Each structure stands twice: as structure tokens, then as C-alpha cells.
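Now for the letters of each chain:
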2 protein chains.
Amino acid sequence: MQNLSKNQQIIFDLIDKSPEPLKAYSILFNVQKRGIKAPLQVYRALDKLVEIGKIHKIESRNAFIACQNSSCQISKATAFSICESCEKVTEINNSNLSKYLTSFKDKNGMKYNKYNLEFFGLCKKCVSKKS
Amino acid sequence: MQNLSKNQQIIFDLIDKSPEPLKAYSILFNVQKRGIKAPLQVYRALDKLVEIGKIHKIESRNAFIACQNSSCQISKATAFSICESCEKVTEINNSNLSKYLTSFKDKNGMKYNKYNLEFFGLCKKCVSKKS
DNA sequence: GTTAAATTGTTATAATATAACATTTTGTAA
DNA sequence: TTACAAAATGTTATATTATAACAATTTAAC
């Protein structure tokens, strides 16, 4: 488990302490006081952090969250629940699910080495608000 | 099953006959000769086509493909296989998988009404090329 | 210490997507 | 068959997300 570079650490810390997924330009705005001035500096750090599995990209939202799993390695099997009302995102850590999907084989004979799953719905709070 | 409007039909036809996912501005370029001149015209048609389930958005690619299922309704349960080499995308239509995911409940008690799953790997052709 | 790899800094620009507002077309119900 | 609402269209401008290209600096490994 390698150490993070300066920019990577700054950006990871910000994402890690955020209760919600952060977007690249929101990150940029928040780290400008720490010397990171350009979008590319943010995107490069994000790319690296995704690559080493410290963060995940929520594809449907173009936003990033810190990995919730203690064994934070290269992420080949990711699943998230997303509340369509409050936009809260939670990483799903369910071994039954990951076993099922990791071993899933479709009839096309393709060999999968990675997947990303996003569930959408209403979280408990938002369900009760609407009732 | 409602009829499509003029712009929706033009854009659906283009996507439907494409062997690969199409991006919004590639669509725009291709339909300009048919009178669709502005990005917003494309995005509005895409939004509607996604909403009624005629096409799907491949989130990791920002691209759109026609629904492969004959029962082309509002799409609450989508799964795709994506070749990371040739970028071929195929919709997965596997009842075991969709049953498993539709009935999936996580410990957070959230009620899901939709999911999107993207598998990544190498398709048969690309596997044999690399061997 | 030298060197290769990784990271950083910087400017510019490409690619993706929506806001705002006016107009036209379509469906439907009196 | 008209009138009304909903949907779709047209248009300009702009917001948001992401990468290209190139130079300099830092880090890690030998």
C-alpha cells in the first residue's frame, strides 16, 4: 500500500471526510486554498486514487466517494445505493452479491474482470418524508 | 406504446442501426443534415427515449444504445457487458441476474426501484487477438 | 549520485450537458 | 371544431466535465 503524493493526499482527505460524493470542480474549489489551482491537478489525483482503489467514481453522478471497505485495494467489484431524492450514496458491501456478480457468466462467453453496479431508490429518511 | 416525435424518431433510428453506442455530439453531427442543429434538440430526444426505455445510456461511456429487449418499456433493470479493448457493448438479458438484482435488499433497508450494472472485460474477439 | 518513473505546474481547449425563453404542434375533451 | 393543456421544437448562450500538450520538479530504486 503505497503512500499518497501531496496532491493525492489533499484530495483524498477532502473526499474521505465528505458525507456525500464530491464533484471534480467542487473539489477544485475546495482545495484552491491549498495550492491546487487547475482542473488537471484534480483529475490526475482522482485518476490515481480511483486506480489504487482509495476512491470510487459514481458514474451516474460524475462524483467521487472514498472507499468504505477496510481492504481498500484496486476496485474491481463495486456496488452502490443511491437515493434519488437526497442523493445520499452508500457503498454496498455484501459478500453474497459480490460472489454472485464476480462469478456471473453470460451466454456471450465474455470473461469479465470488473463490474460496477448502481442501485437507485429512496433512502429510509426520504421514504418517510414522502409518506 | 406511444409514437415518437419527429426528432425522437430521427435520433432513435440512428442509434438503433448503429452497431456501437453513440455519443450525443456524434449523433448531432449525423443528424444535422436532417435539420437537427442544436445540442439541446439531441439531448431532449435522448432524455425522452431513455425515459420511455427505447434506448439506454451507458454511464461509464456517456453513450447511448438501443434497447435490445423486445419488451422495450421503462427501463428499471439494465445490465451491460463492455469490452475494454474494442468498446463493444452488449445488453445482458438474463432472467436469473435480473431476478437476483430486482429482489436484492441490502442491510440498510433501502427500497430500490431501479438498477444499472456494467460489466467490463474482453470480448471473445479481443481475447483471441491478445493471446 | 544517476537515472527512470511519477508527480506537478500551467495554458489552452475539447467534450458533455443544461438554462432560459419563445414558438409550434399534438392530443383531448367540451 | 374550437379551445385548452401538454408535449415538442427552435434558438442563443452558457455551464459543467474532462483532456491535450509541454515543461519542470520530485521521488524511488539501483
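To be clear, the structure that these remarks concern was listed above.
Summarised in this report is the structure supplied together with it. (Residues numbered from 1 in each chain as written. Chains lettered and ligands numbered in written order. Predicted model: local features only at pLDDT ≥ 70, side-chain atom pairs only at ≥ 80, totals over all residues. Heavy atoms only, no water.)

## Describing the sheet that holds strand 3 (residues 77-83) of chain A
Link 1 in the chain: Spatially, 4(A)-3(A)-5(A)-5(B)-3(B)-4(B) is the arrangement adopted by the six strands of the open sheet, whose pairing is mixed. Of all strands in the sheet, those with a lone pairing partner are strand 4 (89-91) of chain A together with strand 4 (89-91) of chain B, marking the two edges. Between one strand axis and the next, the sheet turns by 20° as a mean value, whatever way the strands run.
Link 2 in the chain: Examined bridge by bridge, strand 3 of chain A and strand 5 (residues 111-122) of chain A share seven bridges and lie parallel to one another. Pairing of cysteine 83 of chain A across the sheet is with glycine 121 of chain A, part of strand 5 of chain A.
Link 3 in the chain: Running over the sheet, helix 4 (residues 95-102) of chain B touches strand 5 of chain A together with strand 3 (77-83) and strand 5 (111-122) of chain B and is turned about 135° from strand 5 of chain B. (Pairing = 2+ DSSP bridges. Helix = DSSP H or I, 4+ residues; strand = E, 2+ residues; numbered from the N terminus. Axes fitted to C-alpha atoms, helices over the stretch in contact; angles between N-to-C directions. Contact = heavy atoms within 4.5 Å.)

## Some words on the protein's contact with DNA strand D
Link 1 in the chain: Taken together, 16 residues surround DNA strand D, and among them Lys23, Leu40 and Lys57 of chain A together with Gln41 and Arg44 of chain B come closest.
Link 2 in the chain: Among atoms of DNA strand D positioned within 4 Å of the protein, sugar and phosphate together represent 46%.
Link 3 in the chain: Note that a base nitrogen of DNA strand D is positioned 2.5 Å from one of the side-chain N or O atoms of arginine 44 of chain B.
Link 4 in the chain: Those elements that place two or more of their residues in the surface near DNA strand D are helix 3 (39-51) of chain A together with helix 1 (6-16) and helix 3 (39-51) of chain B.
Link 5 in the chain: Sort the elements by how many residues they give to the surface near DNA strand D and helix 3 of chain B lands first, with four residues. (Near = heavy atom within 4 Å. Polar contact = N/O pair within 3.5 Å; in protein donor to acceptor, adjacent residues only side chain to side chain.)

## Focus on the protein's contact with DNA strand C
Link 1 in the chain: Taken together, the neighbourhood of DNA strand C is formed by 17 residues, with Ser5, Gln41 and Arg44 of chain A together with Lys23 and Leu40 of chain B sitting nearest.
Link 2 in the chain: When atoms of DNA strand C within 4 Å of the protein are sorted by moiety, sugar and phosphate together comprise 46%.
Link 3 in the chain: With respect to DNA strand C, the side chain of lysine 57 of chain B contributes an N or O atom lying 2.7 Å from a phosphate oxygen.
Link 4 in the chain: Looking at the surface near DNA strand C, the elements that each hand over two or more residues are helix 1 (6-16) and helix 3 of chain A together with helix 3 of chain B.

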